[in-house]
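Take a look at the letters that make up each chain.
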Amino acid sequence: MTSHRSMAYVKAIGDRGRAWKPDPITSQFRFIVRMAYACHERNVPYDLTWDRHESDMRATITATGNIPVPKPLPKAPKLKIVSDWKPAIWDAVYRLDAYHDGTLNRMRPGFVIAHSCGLSLVHPSESGELGVTEHGADEDIRQGWLVTHAGSGKGFGLTLSFKRATDALLLAATFAVDWTLDVATLATNPEFRRAGYSVQAAFSSGSEKDSAKRRLAELERAA
């Protein structure tokens, strides 16, 4: 082929089903994007135009020359957490004000491992002894860890294994957020909400994971 022309229509978000989960864009529109990407990669001359067609937007691509076969678009690389910080459970220090209990609205005791970024790993404990409950029973110290904001003791709403809690903290630390600031100041930074929803989307499950993903999508649309 020496020439190609394709069109696709895109509805406004408000016309694409439910607000919290809009219908996906059409396969034809995806083809337009893939064709433009393929032409760009192979230096094939192409023109991509947008215009309004009634209530929809219309994308039109025209290309001339050695027309390439569009391939699937490359997927965004998965975030791989790389850090020299490798805490051990035995690094934890017992504190009476380890974390903030939202239900009781007060600080509670537990074992704390602080990270220099301003976040902490916390294992709630009433006994003051790792691996022992307040009633003297044994407990698995590898489970039941929280990720908290060290300044306020407030967490991300997650209770995880020690390894997953460590990964969640390191993920939160990758965002452009100064976690050493107080919560009121953090709340003015859009990245603060993005970081929280991203951690919840990555490490929670069920409806909480779905809710975090929806809120992330809303942030992206509002950006």
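This report concerns the structure included in the present document. (Residues numbered from 1 in each chain as written. Predicted model: local features only at pLDDT ≥ 70, side-chain atom pairs only at ≥ 80, totals over all residues. Heavy atoms only, no water.)

So, on to the pattern of salt bridges. Any two side chains of opposite charge can pair, given that their charged atoms come close. Taken as a whole, this structure holds seven salt bridges when the rule is applied. Among the ionic pairs, Asp101 bridges to Arg108, the shortest N-O distance being 2.9 Å. No difference in accessibility class separates Asp101 from Arg108, as the two residues are buried. A salt bridge links Glu191 to Arg194; its shortest N-O distance comes to 2.8 Å. In this pair, Glu191 and Arg194 both sit in helix H4 (residues 190–203), three residues apart, roughly one turn of the helix. Note on Arg194: relative accessible area 17%, which makes it buried. Within the structure, one salt-bridge network assembled from shared partners comprises Asp101, Arg108 and Glu126. (Salt bridge = Lys/Arg side-chain N within 4 Å of Asp/Glu carboxyl O. Buried < 20%, exposed > 50% of the residue type's maximum accessible area, 1.4 Å probe, protein only. Helix = DSSP H or I, 4+ residues; strand = E, 2+ residues; numbered from the N terminus.)

Quick look at the packing of helix H2 (residues 162–173) against H4 now. Running from N to C, H2 and H4 cross one another at 150°; their axes reach a closest spacing of 9 Å. Here H4 runs roughly antiparallel to H2, going by the angle between their axes. Viewed along their axes, H2 and H4 form a crossing whose handedness is right-handed. Between H2 and H4, the contacting residues are Arg164, Asp167, Ala168, Leu171 and Ala172 on the first element and Ser198, Val199, Ala202 and Phe203 on the second. The class makeup of the residues in the contact of H2 with H4 is six nonpolar, one polar and two charged. (Axes fitted to C-alpha atoms, helices over the stretch in contact; angles between N-to-C directions. Parallel < 35°, antiparallel > 145°, perpendicular 65-115°, else oblique. Left-handed = near helix turned anticlockwise from the far one by under 90°. Contact = heavy atoms within 4.5 Å. Nonpolar A, V, L, I, M, F, W, Y, C, P; charged D, E, K, R; others polar.)

With that settled, the discussion passes to the sheet that holds strand S9 (residues 146–149). The strand order across the open sheet built from four strands is S6-S7-S8-S9, with neighbouring strands paired in antiparallel fashion. What marks the edges here is a single partner per strand, and that holds for strand S6 (93–101) and S9. The sheet shows a mean angle of 55° between the axes of neighbouring strands, direction not considered. Two elements, strand S7 (residues 106–114) and strand S8 (residues 119–124), share five bridges in a ladder whose sense is antiparallel. Bridging from a neighbouring strand, Phe111 pairs with His123 of S8. (Pairing = 2+ DSSP bridges.)

The subject of this paragraph is unusual backbone geometry. One non-glycine residue with positive phi stands out, namely Asn43, at about 60°. Considering the arrangement of structural elements, one finds Asn43 in the loop between helix H1 (27–41) and strand S4 (46–53). Residue Asn105 is not a glycine yet carries a positive backbone phi of 55°. Positionally, Asn105 belongs in the loop between S6 and S7. The class for Asn105 is exposed, based on a relative accessible area of 59%.

With that settled, the discussion passes to empty space enclosed by the protein. Applying the stated rule across the entire model yields one cavity of 30 Å³ or more. Considering only enclosed or pocket space, the largest cavity measures out at about 40 Å³ in volume. Secondary-structure elements contributing two or more residues to the lining of the largest cavity are S6 and S7. If one sorts the elements of the lining of the largest cavity by residue count, S6 sits on top with three residues. (1 Å grid on protein atoms, 1.4 Å probe; cavity = no way out; pocket = protein on both sides within 12 Å on 5 of 7 lines; lining within 4 Å. Points joined across faces, edges and corners; volume = space filled by probe spheres on them.)

Counting 27 residues, the largest nonpolar core has Leu121, Trp145, Phe156, Trp179 and Val199 as its most contacted members. Among the secondary structure elements, those contributing two or more residues to this core are S7, S8, H2 and H4. Broken down by element, the residue count for this core peaks at seven residues, all from H2. Not counting residues within four places of it along the chain, the set of residues in contact with Phe156 comprises Leu119, Val147, Ala172, Trp179, Gly196, Val199 and Gln200. Core analysis: the second largest hydrophobic core is formed by twelve residues, Ala8, Val44, Ala63 and Ile67 among them. (Core = buried A, V, L, I, M, F, W, Y, C linked by side-chain atoms within 4.5 Å.)

Nothing here speaks to function; it is all geometry.
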